[in-house]
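Structural overview for review
Below are the chains, spelled out letter by letter.
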Amino acid sequence: MGALAIRTQGLTLAYRHGRGINDVDLEVPAGEVFGFLGPNGAGKTTTIRVLLDLMRPTAGSASVLGLDSHGESLKIRERTGYLPGDFSLPPSLTGAQVLDWLSSLRPNTPPDRREELVQRFAVQLDRPMKQLSKGNRQKIGLVQAFQHSPELVILDEPTSGLDPLMQDEFHRLVRDYVAEGGTVFLSSHSLDEVQHTADRVGIVRDGRLVTVETVDDLRGRGVRRVTLTVAAGSGDLVEGQLRVLDGISDVTRRGDVFEFAVVGSYSSVLAGLGQLPVIDMLSRAADLDEVFLSLYRGTDA
Amino acid sequence: MIAQRFPVFAQGVRDRRKSLVWWSVGVTVYIGVIAAMWPSIRGAAGLSDIMSQLPQPILDLMGASDYDISTGAGYVSGELFGFMIPIFILILTIGAGAAAIGGAEERGTLDLLLSHPISRRQVLLQSAALVAVEALLFGVVIVVTLAIATPLADLQIAFVYSIGAAFGIVFLGVALGWIALAVGAATGSRSLALASTGSLAAVTYLLGSLSGLVDFLHNAKWISPFFYANDGAPLVHGYTWWHGLVLAGVGVMALVIGIIRFDRRNLSN
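Residues numbered from 1 in each chain as written. Chains lettered and ligands numbered in written order. Predicted model: local features only at pLDDT ≥ 70, side-chain atom pairs only at ≥ 80, totals over all residues. Heavy atoms only, no water.

So, about the overall build of chain B. Looking only at helices and strands, one finds twelve helices and zero strands in chain B. What you see in chain B, going N to C, is helices and strands ordered as α-α-α-α-α-α-α-α-α-α-α-α. At 20 Å, chain B has a C-alpha radius of gyration in line with the 18 Å of a compact globule built from 269 residues. Taken along its principal axes, the extent of the C-alpha atoms in chain B is 65 × 45 × 30 Å. (Helix = DSSP H or I, 4+ residues; strand = E, 2+ residues; numbered from the N terminus. Rg over C-alpha atoms; globule rule 2.2 N^0.38 Å.)

Turning our attention to the sheet that holds strand S11 (residues 224-230) of chain A. Residue and element names in this part refer to chain A. An order of S12-S13-S11-S14 is seen for the four strands of this open sheet, with the pairing classed as antiparallel. Both edges of this open sheet fall to strand S12 (248-254) and strand S14 (278-285), since each of them pairs with a single strand only. Averaged over neighbouring strand pairs, the angle between their axes works out to 15 degrees when direction is ignored. Sheet analysis places S11 next to S14, joined by seven bridges and oriented antiparallel. By the bridge assignment for S14, Arg 225 is matched with Arg 284. Against the sheet, helix H9 (residues 235-244) makes contact with S11, S12 and strand S13 (257-262), and its axis sits at roughly 165 degrees relative to S12, the strand it touches most. Sitting on the sheet, helix H10 (residues 266-273) touches S11, S12, S13 and S14, and the angle it makes with S14 is about 165 degrees. (Pairing = 2+ DSSP bridges. Axes fitted to C-alpha atoms, helices over the stretch in contact; angles between N-to-C directions. Contact = heavy atoms within 4.5 Å.)

Scanning the entire structure with this criterion turns up 15 aromatic pairs over all chains. Plain terms: the ring middles of Phe 36 of chain A and Phe 185 of chain A are 5.1 Å apart, the flat faces sit at 45 degrees to each other, and that makes the pair tilted. Taken together, the residues span a long stretch of sequence, with Phe 36 of chain A in strand S3 (residues 33-37) and Phe 185 of chain A in strand S8 (residues 183-188) at a distance of 149 residues. Classification of Phe 185 of chain A as buried rests on a relative accessible area of 0%. Geometrically, the ring pair formed by Trp 23 of chain B and Phe 88 of chain B is edge-to-face, given 6.3 Å between the ring centres and 80 degrees between the ring planes. One end of the pair, Trp 23 of chain B, is in helix H2 (residues 7-43); the other, Phe 88 of chain B, is in helix H5 (residues 72-107), with 65 residues separating them in the sequence. Linked through ring pairs, Phe 167, Phe 171, Tyr 239 and Trp 241 of chain B together constitute an aromatic cluster. (Phe/Tyr/Trp six-rings, centres within 6.5 Å; stacked < 30°, edge-to-face > 60°. Buried < 20%, exposed > 50% of the residue type's maximum accessible area, 1.4 Å probe, protein only.)

Encoded structure:
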């Protein structure tokens, strides 16, 4: 602990199609599982690819395992495993050939580790890539990222294409790996997906890091979802009232039924609703994805 | 051993093994057929007479002014080395060069490769070695086939000259293959590498073959890689070895530029 596995300072990359990143400051301590969240095109992949020297920042700097992301990239890559978000493998090679080839690029790959991972994910080693489904290729991608027992793994959308059983196995793998001292940096567009494994999450939006919080803090933001049913015919009146009320956001309406999120104090919301013909009101804690969405919308204005 | 020290090269060999075998078979058959026709063509009366009556510009355009097409070596030189053999090797090496990095990037396999502890420079150099080895294999096939065909079809080609002629072709293939590799590495586009190098070959070939005909293009042959591969009918008169150095130099220059561009750029995913 104490040492930083990943650190970026003012990391900026102006890139065509607006997929760049802007002034990203990130610190991921060794031993942590860090979830890097954002919608597609927010800059997650760009950030990751800068860490691996596949792209070069236009300003700022990044260091991985204490090494400069550009100048010492070879050393970084020796000690890091990477699963690209969108990758292909030579279509005519079998799983075994792919894994052999990739480990030939790393002179000191321990042989028994792969076997364990292959068992774990029930990887099909004898079929060529072109015959494998997306999920089965993804499993091979995961095996190659972990097979040399790296100190840090960087995974871009690791669970995409995996069935729920395998997603579960992946989460177990992450926990075991961290228990052995590894560090995980994984990206996802769904908070739901990382909340069981990640210690902290960073949320990116339009190339900027919006917030970094622990999963617990994020959950504790106290966002609640309310479903409100009002007397028939009073929908327009209620809608007008809800629009001007403080402390709620994200109002949607279906006839006489409204849904909204309460972000601020409940009592002021209740006071505002007091004069209205409310028939039923249902309130529940928002799940993390809704928190995530409200964070997004919150920064819209 | 090679697989450990040069993993990209070794993987390239594995990938292309099958197609290289077919290429070798195809080239052998093609040369064999051309050679097999020689005894009957030589027998046809008056070939030499016809040739001698053609005006010099036409002979130039046919690439037939350097040698006597009525001899076996001249015939093979004209039929094979003037056009088809260079085309074959260029398809092979330009294809291999463009696929190596530009193709890998387009297919989406380059990211994974370069996330391993191997430098971009290594990837490019090992790919360049692959292109060179493919060209060399092609040259060996030419030499061996000609060595077998020469006594069978009474071609009267000197073994040493066939080696020189094959080297000219190998140098041509390596130079343009490396240009395609460099363009692919610099741009990340296989199609751009293919199109630009292919056009370069076509235009320089045309300029080179017109240079004997058109006065103001008189010096154009000096920019044609085909001139440095095949000028003066190496199969008949021997290869001008410094021509090979010119081609090798062009190839090396392309590689250097390719490395510099490749090293500095953002890879696309």
